[in-house]
Every structure is written in C-alpha cells, then in structure tokens.
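Take a look at the letters that make up each chain.
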Protein chains: 2
Amino acid sequence: MRVTPPHLTSEQRLDGGVRERAFTLGEIPGILWTPAFASASAPVPLILLGHPPLGLRRMYPRLVDRARRSAADGFATATIELPGSGERPRLPAVEEARAGLRGAREAGEPVTDEIIDALVLPLADQAVPEWRSALDALLSLPEIGGPVGYSGGVLSLGVRLALAEPRVVAACLFAGSFVPRAVFEEARQLTVPLHVLLQWDDEGNDRQTALDLFDAFGSAEKTLHANMGGHTGVPSFAGDAAARFFTRHLR
Amino acid sequence: MRVTPPHLTSEQRLDGGVRERAFTLGEIPGILWTPAFASASAPVPLILLGHPPLGLRRMYPRLVDRARRSAADGFATATIELPGSGERPRLPAVEEARAGLRGAREAGEPVTDEIIDALVLPLADQAVPEWRSALDALLSLPEIGGPVGYSGGVLSLGVRLALAEPRVVAACLFAGSFVPRAVFEEARQLTVPLHVLLQWDDEGNDRQTALDLFDAFGSAEKTLHANMGGHTGVPSFAGDAAARFFTRHLR
C-alpha cells in the first residue's frame, strides 16, 4: 500500500522542547507534536489525541497541554479535525441529531437512544477510517515509531478505533455522555489495556452509563480512575496516572 | 498526657534496608517497620496498616510486602493485632455474629444489616481507641514524625479512625464486604483526602456497596481506582498509585 505522508503546512517550537507541526491529509487538518529529541535514530511512540467535536481551534488549549505533557514523557501526539467540525463541511445528519438533542433538553424530555445513535454513529463511522489513514501517514515519518496509544474523550471513537486498528495497543478513555448501544457490544470485544477516567460528579455525564461501559470492556487489564472536580476539573495527579499508563504500555 | 512508648520485644533487619520491630502495648502485639535511615534527626511519616481480622501471623506476608514498599518510599509503617484476633481473647459477640454469617450463607439467605452491624461495630468500637493509643506510643519514638496516613482494608475501622483521629491526614481504603449503615453516615463526615481501591470483579465484595460508599465520602479529594484481578490480585501498578497518593499527602 502506498502511504501519503502528511502534508506539513507550518511548524513552530513551543516552550519545553516541543515541536508543533500543522498538517493536512487531503482536506482534513491536523496537528503533530513531537519531543525535540525525536529523530530517525531515536523514534518515539505516538499517542492519538481524541477530542469532542467542537473544532480543533477551540480544543487547541487543552490539546496542547496534553501534548506538552506527553512530549515530556517521550511521546509524540497527534490529532485531526473530526468530520463536520471546525472548517470541515457540516454533516447534515449529525446537525439534525444535535437539533433533536437541543429540542429534547429544552422540552425536558429524555435523550433517547435514537438521538444518541444519530449523534454519534455517523460521526464515528466516518472518523475511524480517517484516523486510521492519519496513522498510516504519521507512522511514515521517520521520527515516529513503535506502538500507538489512543487518548480521548469520545468513547465511541476510542472504542471503535481501538477495535479496528491493531496498531493501537493501549487506550486511555475519558467517560463521555452519549454511548450508543452498539458501542457496548463493541466494548465487550476490546482486548487492549484500558485506563478509564471518570469525573464522578460531572453533571453533564451519566455516571451509571460510564460504570456500565467500564464493566462491559472485555480487556483483561482495565482500570477505572474516578475523581472529583467536574467535567474539566480532572486533577493533575489523574493526568500523571494516565501518563504512567502509557509509559507502561508504549515503552 | 503521659504516653507509654511501645514495649519492643524483638528486632530484625529485612532485605532492602528495613528495620522490623515487634512490640506490645499492654497485651496487644504489634509490628513497626522503619526505613534504615530513619532517625531522630531524620524522622519519617507513619502509615498505619489496617488488615482483616485474621490474625497478624496469617496476615504477615501481605503486611510485610506493604511495609517494604512504604519503607522504600520513605515511610514507617505499623500495625497492631485487632481485638479478638490472633492470640488475643475472642470477642463473644463477634464470634456469635460470625456464626450467624456462616449460617446465613449456608442457608443461602441474605446477609442482613443486623449481622453486618454485629460483625463489624463491636470490633471497630474497641479497635479505634486501641489504634489511637498505638499512635500515641509510636509517635513518641524519635524516628517517627510528621503526618500520619492510614492504609487498610477494613473500611469501618479506616473510616472511624480517620474521623476520630485528627493526626490521620490521608487514608487509602480498600473496598470491603460488610459496611454497616452507620459507617455510611460517618463517611459523609470525612474530610481527609481519600484513595479508594476496588477490585471490580471481587466475588466476595459487593461492588455497588463500594460505589455507594465512595459516593458518600465527604472528602473534597477522593479518588476511586477500580482494577481487575480478584480479591488478592491488586495489580502492582495499583500499589504504585497508592504509594504516590501517600507521597503527595505525607511529605
């Protein structure tokens, strides 16, 4: 198979010896962060950074924090824009499902499985092959090598990607709100080591869904870390623990 | 208050620079482990090691593993025999409750709140003041100083001790089977940082009780680490995480 390397569009050095490169893969924008020491003779493992579908620009501050931390631990990180987000063309089916979600919430009605499926599945269906192609492209760079991890908040993408992509050998998953029923079935088939983060008092997330999904994961090594602090208040020691998870599995 | 220091009955050096001293406090036997470097000019924090009421002799292998690990992290550890265990006189009320538990199990009947209360509360009522006296005695040794942690599997003792004893500033609690209703109320009053370990597929433990108790804890910093591996199969990385919890809070 002929792999097209990422088309690098800009490069900058960040504090702390991190090299940030923007790239495109066809029409999909992405960002790659590597430790300054990474080279063809010292390739580093890669962690794919998942994120909610709010657009890379809006997510950048949180993504770059995670990238800096991973670079300090000796890992490259990369992410791409999700279908329908940022500058990418909207997905009409997903937009419609979002309107349905807003309508249900405003009417105080329950968010049905149908709404969740429509919100998540078309996006995941399109995103998984895109992230796999991104992986092909990124792994063609000489300074990237070794096993791949996935770290992200979109459980449906994380589960599907880890299931579809044998190069992903470990995943750190942040508990998210909307888990389609199909993802529970896929979760049972997973075998890679999992590190699951749950913000215990996150009002936007359903705790029981997160616990049920953790229970469903088929992996022999799975760990749940539940912490206080709300949706974006993951304590720094929880980030440290996730970093050690990747150090155990990607080194 | 006049504090009686522990009566030291034997001493040995273990591999890895650990000093193990057996002691008695009145009729209660105990063990103290200290890193070899601990001295009056370099006192170390203390972690009290809780354990199930199976007798110190039977629990020794697991306790000494935890003690070695803690010594490597720069902590002293100590434990004492629980009331009614080991060579100590039996507690008739607790023996009767155990017979009730066995009877219920053999008959396939549910373990009632009354049985749980009778099993746990008299033991905790007697143990808490004993552990506090042990703390007085151990802190009178010049090589022990600084804040105190509790690490143990007997949630009822851990919760009550952490609540009653202001010198305990952090607690690592292993989810246990039998949690009296009163302990849920006490859990809400706790404020010290908590690190809670749950073996997710531990058949002898009720998972929902553990999750409910974690939810009840009043502490602003509380973390739940759930892992696979059965009751005694806590993975080594979970022990590492517990050690880092104490390093964060006792240093």
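In this report, the structure presented in the accompanying data block is examined. From a predicted model like this one, the values you see are computed outputs, not experimental measurements. (Residues numbered from 1 in each chain as written. Chains lettered and ligands numbered in written order. Predicted model: local features only at pLDDT ≥ 70, side-chain atom pairs only at ≥ 80, totals over all residues. Heavy atoms only, no water.)

## Looking at the overall build of chain A
Part 1 of the reasoning: Within chain A, the regular secondary structure consists of 7 helices and 9 strands.
Part 2 of the reasoning: Its C-alpha radius of gyration of 18 Å places chain A within 12% of the 18 Å reference for a compact globule of 251 residues.
Part 3 of the reasoning: Looking at chain A as a whole, 54% of its 251 residues qualify as buried.
Part 4 of the reasoning: In chain A, the share of contacts with a sequence separation of at least 24, taken over all contacts with a separation of at least 6, comes to 68%.
Part 5 of the reasoning: Accessible surface for chain A amounts to roughly 10800 Å². Of this, 53% is attributable to carbon and sulfur atoms.
Part 6 of the reasoning: Averaging the locations of the 25 positively and 30 negatively charged side chains of chain A gives two centres separated by 6 Å. (Helix = DSSP H or I, 4+ residues; strand = E, 2+ residues; numbered from the N terminus. Rg over C-alpha atoms; globule rule 2.2 N^0.38 Å. Buried < 20%, exposed > 50% of the residue type's maximum accessible area, 1.4 Å probe, protein only. Contact = heavy atoms within 4.5 Å. Areas by Shrake-Rupley, 256 points an atom, 1.4 Å probe, with all protein chains shown as cover. Lys, Arg positive; Asp, Glu negative; His and termini not counted. Charge placed at Lys NZ, Arg CZ, Asp CG, Glu CD.)

## Considerations on the side chain of E81(B)
All names here are of chain B.
Part 1 of the reasoning: Looking at the secondary structure, you find E81 in the loop between β5 (76-80) and α2 (92-106).
Part 2 of the reasoning: Engagement of the side chain of E81 in a polar contact is seen with the backbone nitrogen of L56, the distance being 3.0 Å.
Part 3 of the reasoning: Setting aside its immediate chain neighbours within four residues, E81 contacts I28, P29, H51, G55, L56, G86, E87, R88 and E130. (Polar contact = N/O pair within 3.5 Å; in protein donor to acceptor, adjacent residues only side chain to side chain.)

## Observations concerning the relation of the copies chain B and chain A
Part 1 of the reasoning: Once chain B is rotated about the relating axis by 180 degrees and shifted along it by 0.0 Å, it coincides with chain A to within an RMSD of 0.0 Å. The operation mapping one copy onto its partner corresponds to a two-fold rotation axis. For chain B, the minimum C-alpha distance to the rotation axis belongs to H225(B) and amounts to 2.4 Å.
Part 2 of the reasoning: Interface overlap between copies: 100% of the residues of chain B at the interface are likewise at the interface in chain A, consistent with a symmetric, same-surface contact. (Least-squares fit on C-alpha atoms with pLDDT ≥ 70 in both.)

## Description of the interface of chain B and chain A
Part 1 of the reasoning: Each partner contributes residues to the interface: chain B has 18 residues there, and chain A has 18 residues.
Part 2 of the reasoning: A combined buried area of about 1700 Å² lies between chain B and chain A, and 59% of that area is made up of carbon and sulfur atoms.
Part 3 of the reasoning: Ranking the residues of chain B by area buried against chain A places W200(B), M228(B) and F237(B) at the top, with a combined share of 31%.
Part 4 of the reasoning: Across the contact surface, chain B and chain A share 2 salt bridges.
Part 5 of the reasoning: Notably, a salt bridge pairs R207(B) with D215(A), separated by 3.1 Å at the nearest N-O pair.
Part 6 of the reasoning: Taken together, the connections running from chain B to chain A amount to 9 residue pairs in polar contact (both at pLDDT 80 or more).
Part 7 of the reasoning: Looking at the side of chain B that touches chain A, the elements with two or more residues in it are α6 (207-216), β9 (222-227) and α7 (236-250) of chain B.
Part 8 of the reasoning: Ranked by residue count, the leading element in the side of chain B that touches chain A is β9(B), at 6 residues.
Part 9 of the reasoning: Here the side of chain B that touches chain A is composed, by residue class, of 8 nonpolar, 3 polar and 7 charged. (Buried area = accessible area lost by both parts, 1.4 Å probe. Salt bridge = Lys/Arg side-chain N within 4 Å of Asp/Glu carboxyl O. Nonpolar A, V, L, I, M, F, W, Y, C, P; charged D, E, K, R; others polar.)

## Here's the deal with the packing of aromatic side chains
Part 1 of the reasoning: With the rule as written, the count across this model stands at 8 aromatic pairs over all chains.
Part 2 of the reasoning: Geometrically, the ring pair formed by W33(A) and Y60(A) is tilted, given 6.5 Å between the ring centres and 40 degrees between the ring planes. Of the two residues, W33(A) is situated in strand β3 (residues 28-35) and Y60(A) in helix α1 (residues 56-72); the sequence distance between them amounts to 27 residues.
Part 3 of the reasoning: Judged by its relative accessible area of 0%, W33(A) is buried.
Part 4 of the reasoning: Judged by centre distance (5.3 Å) and plane angle (65 degrees), the ring pair of F245(A) and F246(A) falls under edge-to-face. Here F245(A) and F246(A) have matching classes, each one buried.
Part 5 of the reasoning: Its guanidinium or amino end placed over the ring of F214(A), K222(A) lies 5.2 Å from that ring's centre, counting from NZ or CZ.
Part 6 of the reasoning: Across from the ring centre of F237(A), 3.7 Å away, lies the NZ or CZ of R248(B), which sits over that ring. (Phe/Tyr/Trp six-rings, centres within 6.5 Å; stacked < 30°, edge-to-face > 60°. Lys NZ or Arg CZ within 6 Å of the ring centre and 35° of its normal.)

## Looking at helix α5 (residues 181-189) of chain A
Part 1 of the reasoning: Taken as a whole, α5(A) has its buried residues at V183(A), F184(A), E186(A) and A187(A). For α5(A), the angular spread of the buried residues around the axis is 165 degrees, confining them to a single face. (Arc of directions from axis to C-beta.)

## Focus: helix α2 (residues 92-106) of chain A
Residue and element names in this part refer to chain A.
Part 1 of the reasoning: With 15 residues, α2 should cover 21 Å at 1.5 Å per step; its first-to-last C-alpha distance of 21 Å lies within 8% of that length.
Part 2 of the reasoning: All of the buried residues along α2 are V94, A97, L101 and A104. Looking down the long axis of α2, one finds its buried residues gathered within 80 degrees of arc, a one-sided arrangement. Among the exposed residues of α2, those oriented more than 90 degrees off its buried face are P92, E96, R102 and E106.
Part 3 of the reasoning: Buried residues belonging to α2 abut α3 (113-139).
Part 4 of the reasoning: Following α2 by one or two positions, G108 adopts a phi angle in the positive range, close to 65 degrees. (Expected span 1.5 Å × (residues − 1).)

## Comments concerning the pairing of strand β7 (residues 168-174) of chain A
All names here are of chain A.
Part 1 of the reasoning: Burial runs high along β7: 5 of the 7 residues are buried.
Part 2 of the reasoning: Sheet topology note: the β7/strand β8 (residues 194-199) ladder contains 4 bridges and is parallel. Counted as the bridge partner of A171 is L194 from β8.
Part 3 of the reasoning: For the handedness criterion, the β-α-β arrangement of β7, α5 and β8 is classed as right-handed. (Pairing = 2+ DSSP bridges. Right-handed = clockwise from strand over helix to strand, strands pointing away.)

## Section: the packing of α5(A) against helix α6 (residues 207-216) of chain A
Part 1 of the reasoning: Between α5(A) and α6(A), whose axes approach to 8 Å, the crossing angle comes to 35 degrees. Of the residues in α6(A), those touching α5(A) at V183(A), F184(A), A187(A) and R188(A) are T209(A), D212(A), L213(A) and A216(A). (Axes fitted to C-alpha atoms, helices over the stretch in contact; angles between N-to-C directions.)

## A few points about the environment of H225(A)
Part 1 of the reasoning: In this fold, H225(A) is placed in strand β9 (residues 222-227).
Part 2 of the reasoning: Owing to a relative accessible area of 5%, H225(A) belongs among the buried residues under this scheme.
Part 3 of the reasoning: Along the backbone, H225(A) and L197(A) are 28 residues apart, and their C-alpha atoms lie at a distance of 5.0 Å.
Part 4 of the reasoning: Not counting residues up to four positions away in its chain, the partners in contact with H225(A) are H195(A), V196(A), L197(A), L198(A), A241(A), L224(B) and H225(B).

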